[in-house]
Amino acid sequence: MGNERVIIRMQKNSSNNDLAKLFHTLEKKGFMARYVPYRDDCLVMVEGRPDRSLALQSIPGVREVVTTSTPFPLASLESTNGKASAVEIIPGLKIGGGEKTIMAGPCAVENRDQILECAKAVKKAGAVILRGGAFKPRTNPYSFQGLGSEGIALLVEARKATGLPIISEVMSTEAIEWMLPHVDILQIGARNMQNFPLLKALGKVDKPVMLKRSPMATVDEWLQSAEYILLGGNNRVILCERGIRGVETRTRNTLDLNIVPLVKSLSHLPVIVDPSHGTGIRELVAPMSLAALASGADGLIIEVHPRPEEALSDGMQSLSVPEFTSLMQSISRLIPALAVPEGSEKKCTSVTVM
Ligand code: PEP
Ligand code: MN
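Residues numbered from 1 in each chain as written. Chains lettered and ligands numbered in written order. Predicted model: local features only at pLDDT ≥ 70, side-chain atom pairs only at ≥ 80, totals over all residues. Heavy atoms only, no water.

*Asks:* Help me understand the sheet that holds strand 1 (residues 5-10), please; the structure alone is not making it clear to me.
*Replies:* The strand order 2-3-1-4 describes an open sheet built from four strands, whose pairing is antiparallel. Each of the sheet's edge strands pairs with one partner strand only, and the pair in question is strand 2 (33-38) and strand 4 (62-68). The average undirected angle you get between the axes of adjacent strands in this sheet is 25°. Sheet topology note: the strand 1/strand 3 (residues 41-47) ladder contains five bridges and is antiparallel. Looking at strand 3, one finds that Ile8 is bridged to Val44. (Pairing = 2+ DSSP bridges. Helix = DSSP H or I, 4+ residues; strand = E, 2+ residues; numbered from the N terminus. Axes fitted to C-alpha atoms, helices over the stretch in contact; angles between N-to-C directions.)

Right, dumping it as structure tokens:
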């Protein structure tokens, strides 16, 4: 799958001169090389497989030369030597790295009272991040489209009132710059998973991005979308499974929990599960939340509304506050049973699907 490429990891103290020499050696032989600042590393990605006679390893500044054929080298588990990564949201709060992070809030920010009431309630129940859509990607153009910038301002107010960091969907490249200073995590909705200009633009921002899986995407397509953001230099990427289109019509989507352990065998990126969109049915949200955590998810994003029957979007799948509170109690009983004994870190292997 994919083309062979070589990833060259430079030494921390390598100089511009070292890089220039490396590029010169490669380009002289017709290889296309690209510089990628990634995490604490300085990488050079080379398309193709330079042969040994180039002696890349002996060029000053070169630390490691790895040949790979994965189409998502930066997202791959190999790139971190098998270590799952954690994404810092704000100082003291990470997603991944053994934490189970619960995000909750309404599908859409509807008005001041609703978001403030909801934010306070989900915080009281134990959520650590507040969700709320201001720009809503609705199937029907007559449906509530979200409050737009006013919705973001209300989320900011809710963060002030509760201290909860906020996650909200960004639907267009133009909106990124405007939303950036206000939100703590930018969500890419399922419908935009392959909006490549948007992915490229998010590669340039200094904010965590949660990339939802398209209902029609394979795991490889999803990870290649994540690769776009990583390749731009933004290493704070979180994946989110939210259900795919299957044969079942009684549920809104088919929550694909297979992919949680599968992605973890392929990629170091944290995986969040969205059981609200994954099921579309309130009664299924709690059992699938527990199943998602048991499958190895790093956390959940759950729709909660103070009065789900009055919600302007996704009321059918939104939990009431008492339902969410009771789910959080079950989660806190489940988490200790899921703790992975120390030292049993995953090996860097990939699963072969026949
Ligand atoms: C949402 O989170 O409200 C949403 C629209 O999700 P998705 O992009 O997964 O449909
Ligand atoms: Mn929704």
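*Asks:* Is there a simple way to explain the domain arrangement of the protein in this structure?
*Replies:* Think of interface size as the accessible area that goes away when the parts come together; that is how it is often given. When the domains of the protein are assigned, the result is domain 1 (5-69) and domain 2 (86-352). Taking only C-alpha atoms, the centre of domain 1 and the centre of domain 2 are 36 Å apart. With both sides pooled, the region where domain 1 packs onto domain 2 buries about 560 Å², and carbon together with sulfur makes up 54% of that total. If you look at where domain 1 meets domain 2, you find zero salt bridges. Broken down by element, the side of domain 1 that touches domain 2 gets its largest block of residues, four residues, from strand 2. (Domains from an automatic or database assignment. Buried area = accessible area lost by both parts, 1.4 Å probe. Salt bridge = Lys/Arg side-chain N within 4 Å of Asp/Glu carboxyl O.)

*Asks:* When you look at the confidence of the model for the protein in this model, what are you seeing that I'm missing?
*Replies:* Reading predicted coordinates in detail is not appropriate for stretches of low pLDDT. Taken as a whole, the protein shows an average pLDDT of 93; of its residues, 96% reach a score of 70 or greater. Segment residues 348-354: pLDDT under 50, and eight contacts once partners within four positions in sequence are set aside and those in other chains are kept. (pLDDT = per-residue confidence, 0-100. Contact = heavy atoms within 4.5 Å.)

*Asks:* Got a minute to help me understand the coordination of the manganese ion (ligand 2) in this structure?
*Replies:* When a metal holds four donors in a tetrahedron, each ideal angle between them is 109.5 degrees; when it holds six in an octahedron, the ideal angles are 90 or 180 degrees. Looking at the manganese ion (ligand 2), one finds its protein donor set to be Cys107 (SG), His277 (NE2), Glu303 (OE) and Asp314 (OD), positioned 2.0 to 2.4 Å from the metal centre. Linear spacing of the donor residues for the manganese ion (ligand 2) on their chain is C-x169-H-x25-E-x10-D. On the criterion of sequence distance, the pair formed by His277 in helix 8 (residues 275-279) and Asp314 in the loop between strand 14 (299-303) and helix 10 (321-338) is long-range, its members being 37 residues apart. On the accessibility criterion, Asp314 (17% relative accessible area) is buried. (Donors = N, O, S within 2.8 Å, 3.2 Å for Na, K, Ca; no water. Buried < 20%, exposed > 50% of the residue type's maximum accessible area, 1.4 Å probe, protein only.)

*Asks:* What exactly am I supposed to notice about the pairing of strand 3 here?
*Replies:* Along any regular strand the residues' side chains alternate between the sheet's two faces. The element strand 3 is largely enclosed, with a buried count of six among its seven residues. Sheet topology places strand 2 next to strand 3; six bridges connect them, and they run antiparallel. Residue pairing across strands places Ala33 opposite Val46, the latter belonging to strand 3. Taking the residues between adjacent antiparallel strands as the criterion, strand 2 and strand 3 are bridged by two residues, where Arg39 takes a positive phi near 50°.

*Asks:* For this particular structure, what's the right way to read the side chain of Arg9?
*Replies:* Following the sequence through the fold, Arg9 ends up in strand 1. You can call Arg9 buried: its relative accessible area is 12%. A polar atom in the side chain of Arg9 sits 3.0 Å from the backbone oxygen of Ser79. (Polar contact = N/O pair within 3.5 Å; in protein donor to acceptor, adjacent residues only side chain to side chain.)

*Asks:* I'm lost on the nonpolar core in this one. Help?
*Replies:* Looking at soluble globular proteins, one finds that nonpolar side chains tend to be buried together. Grouped together as the largest cluster of nonpolar side chains are 71 residues, with contacts concentrated most on Val122, Leu130, Leu202, Leu211, Leu239, Ile302 and Phe324. The contacts of Leu239, once residues within four sequence positions are left out, are Leu211, Trp222, Leu223, Ala226, Val263, Leu269, Pro270, Val271 and Ile272. (Core = buried A, V, L, I, M, F, W, Y, C linked by side-chain atoms within 4.5 Å.)

*Asks:* What am I meant to see in helix 2 (residues 112-125) here?
*Replies:* In an α-helix, one turn spans 3.6 residues, which is why side chains three or four residues apart end up on the same side. In a regular helix each residue adds 1.5 Å, so 14 residues correspond to 20 Å; helix 2 covers 20 Å between its end C-alpha atoms and thus fits that length. For helix 2, the full list of buried residues reads Gln114, Ile115, Leu116, Cys118, Ala119, Ala121, Val122 and Ala125. Of the surrounding elements, those touching the buried residues of helix 2 are strand 7 (101-105), strand 8 (129-131), helix 3 (149-162) and helix 10. The N-cap of helix 2, judged by a side-chain oxygen 3.2 Å from the amide nitrogen of Asp113 a few residues on, is Asn111. Backbone geometry just after helix 2 places Gly126 at a positive phi near 120°. (Expected span 1.5 Å × (residues − 1).)

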